[in-house]
Amino acid sequence: MAFDLAERAEFIRIARHVARTEVMPRFRQLAPAQISTKSGPQDLVTEADLACEAALTSAFALAFPTAFVIGEEAVSAGAVSLDALPGQARAIVIDPIDGTWPFARGQCGFGMILSVIEAGEVVFGLHLDPVMDDWIWAAPGEGAHWARDGGTRPLACGPDRPLSERVGFLPLGLFPKSDQHRLAALMPEFSRVLSLRCAAHEYRMLAEGGVDFCLSGNLNVWDHAAGALIVTEAGGKVAMLDGSPYRPELRQGALLSANSAATWAELADMFSFLR
C-alpha cells in the first residue's frame, strides 16, 4: 500500500491547516487554566495539544478512512493503547505539539510530528514548524527534503568532524539517575552539548547538518518514527545503541542518531554503558 503523492499533499495540507487554526491562535495566548500536567510537573499538556490532536484525528480519519489514527494525547488519556499499533496495515501517528514545555512558555521551540506506518515500516515522515509554516519530510528511497510554499530543497547531514568539534543533543533527564553523572562527564569531550527536548527540531537540525548526533532514552513512537526516517534519508545513521535497527514498535532502549556511520560507531562505543 503506497502512500502516494496525492495522499502526501492532502496529509500536508491538513497538517498546515490545523497548525493555522488550532495551534498558532493559542500560541502566547494560553491562560494558566489551559495548561496542565501529565506524568510530572514538567510534562505539560495544553488546550492547544488537545485541540490540535482532535482536529488532526478527525481530518485524517475522513481523508484516510482505512488508516488507524493514534495520537500522543489519546494514549496518555488511556483512550487508545500503543498495543494496537503493531500489525496495522496503515497507521498515522500524531504528536500534536512536540515541545509543549517551550510552547506553554511562549517560546518557538516546538513543532508537529506526523508519521505514516504501513505494516510496521515508516513510509512517510513529516516535521512541521507552525511558526514558520515550513516543513521537512522523507519517504523511503526518496531522500529528505525541506519545503515551503514556493520552494523545496534536499537535506543532507553534515560531514564527519573530530570528536572535539562535534555538537549534539544529549538530554540527561531522559536517562536514569544512575547514568546521568556518567553522561555528564562525557560532555566536555564535545564542542557543544544541547538539549531542546523537542525532537521536531533536534532531528531537523541533524538532517540539515547543524548538529552531529542525537541520543535519546525515551522511545515514544510519536517522537522518533518520522525523524529516524528523515535522518536516514538525509544520509545519517539511526539505530538502537546495541546496533539493532530502530522499529516503531520499540518502547525501551537508547536510540542514537548520527550524521554518518563512522560518527555513530564512535559515539556508540562512548555510550556503551547505556546498553
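What you see as residue numbers is a count from 1 along each chain, following the sequence as written. Local features are withheld for residues below a pLDDT of 70 in this predicted model, meaning they are given only at 70 or higher, and side-chain atom pairs are given and counted only at 80 or more; totals for whole chains, interfaces and linings count all residues. The basis for every side-chain value is the complete set of non-hydrogen atoms in the structure, without hydrogens or water.

Q: In this structure, what is going on with the pattern of salt bridges? I would like to understand it.
A: Close approach of charged atoms allows side chains with opposite charge to pair. When a carboxyl oxygen of Asp or Glu is within 4 Å of a side-chain nitrogen of Lys or Arg, the pair counts as a salt bridge. Scanning the entire structure with this criterion turns up 19 salt bridges. A salt bridge links D212 to R161; its shortest N-O distance comes to 2.6 Å. Of this pair, D212 sits in the loop between α6 (199-207) and β12 (213-216) while R161 sits in the loop between β9 (151-154) and β10 (167-169), and the two are 51 residues apart along the sequence. Residue burial is assigned from relative accessible area. The probe radius is 1.4 Å, only protein chains are included, and a residue is buried under 20% of its type maximum, exposed over 50%, and partly exposed in between. The class of R161 is partly exposed, set by a relative accessible area of 23%. Note that R204 and E208 form a salt bridge whose closest N and O atoms lie 3.8 Å from each other. According to the relative accessible area criterion, E208 is partly exposed, its value standing at 33%. Among the charged side chains, a salt-bridge network with shared partners connects D134, R148, R153, R204 and E208. Counting from the N terminus, the helices are DSSP H or I runs at least four residues long and the strands are E runs at least two residues long.

Q: I keep staring at the nonpolar core and nothing clicks. Help me out?
A: One recurring pattern in soluble globular proteins is that nonpolar side chains are buried together. Residue types Ala, Val, Leu, Ile, Met, Phe, Trp, Tyr and Cys, when buried and joined through side-chain atoms within 4.5 Å, form a set referred to as a nonpolar core. Within the largest apolar cluster, 40 residues are counted, with the highest numbers of intra-cluster contacts made by V221 and Y246. No other element matches the eight residues that helix α7 (residues 221-233) contributes to this core. Whether two residues are in contact is decided by their heavy atoms, any of which lying within 4.5 Å being enough. The contacts of V221, once residues within four sequence positions are left out, are L82, L85, V93, I117, Y246 and P248. If you look at the next biggest cluster of nonpolar residues, it comprises 33 residues, including V23, A67, V123 and W135.

Q: Looking at this model, I keep getting lost on the sheet that holds strand β4 (residues 91-98). Mind explaining?
A: Strand pairing in a sheet relies on backbone hydrogen bonds. The paired strands run either parallel or antiparallel. Read across the open sheet, the seven strands follow the order β3-β4-β5-β6-β7-β8-β9; overall the sheet is mixed. One side of each edge strand has no neighbouring strand; the edge strands of this open sheet are β3 (68-71) and β9. Each strand of the sheet is rotated relative to its neighbour by a mean of 15°, with strand direction disregarded. For two strands to count as paired, DSSP must find a minimum of two bridges between them. For strand β7 (residues 134-138) and strand β8 (residues 144-148), the ladder comprises four bridges, and the chain directions are antiparallel. Looking at β8, one finds that W135 is bridged to A147. Between N-to-C directions, angles span 0 to 180 degrees; the directions come from axes that are lines fitted to C-alpha atoms, helices contributing only their stretch in contact. Strands in contact with helix α1 (residues 5-23) are β4, β5 (111-118), β6 (121-129) and β7; relative to β6, the strand with the most contacts, it is inclined by about 35°. Each of β4, β5, β6, β7 and β8 is contacted by α7, which is oriented at about 100° to β6, the strand it contacts most.

Q: What is the right way to look at the environment of A234 in this model?
A: Inspection of the secondary structure assignment puts A234 in the loop between α7 and β13 (237-240). Given a relative accessible area of 9%, A234 falls into the buried group. Sequence separation of A234 and G209 is 25 residues, and the distance between their C-alpha atoms is 9.2 Å. The contact partners of A234, leaving out residues within four places of it in the chain, are A144, L155, A156, C157 and A207.

Q: Sorry, what's going on with the pairing of β7 here?
A: Consecutive residues of a regular strand have side chains that alternate between opposite faces of the sheet. Where burial is concerned, most of β7 is hidden: five out of the five residues are buried. Burial along β7 is two-sided: D134, I136 and A138 facing one way and W135 and W137 facing the other are all buried. Two successive antiparallel strands, β6 and β7, enclose a turn made up of four residues, where D133 displays a positive phi of approximately 55°. Hairpin remark: β7 followed by β8, antiparallel, with five residues in the connecting loop; positive phi at G141, about 80°.

Q: Looking at this model, I keep getting lost on the side chain of E7. Mind explaining?
A: Mapped onto the secondary structure, E7 falls in helix α1. Take E7: its relative accessible area is 19%, and that puts it in the buried class. Leave out the neighbours within four places in its chain, and E7 touches A2, F64 and R90.

Q: How should the sheet that holds strand β14 (residues 255-258) be read in this particular structure?
A: With mixed pairing, the five strands of this open sheet are ordered in space as β11-β10-β12-β14-β13. Each having just a single partner strand, β11 (192-194) and β13 make up the two edges of the open sheet. Strand-to-strand twist of the sheet, defined as the mean angle between neighbouring strand axes without regard to direction, takes the value 15°. Here β10 pairs with β11 via three bridges, running parallel. Each bridged residue has a counterpart across the sheet, and for G168 the counterpart in β11 is V193. Here α7 sits on the sheet in contact with β12, β13 and β14, set at roughly 135° to β13. Packed onto the sheet, helix α8 (residues 261-270) meets β12, β13 and β14 and runs at close to 140° relative to β14.

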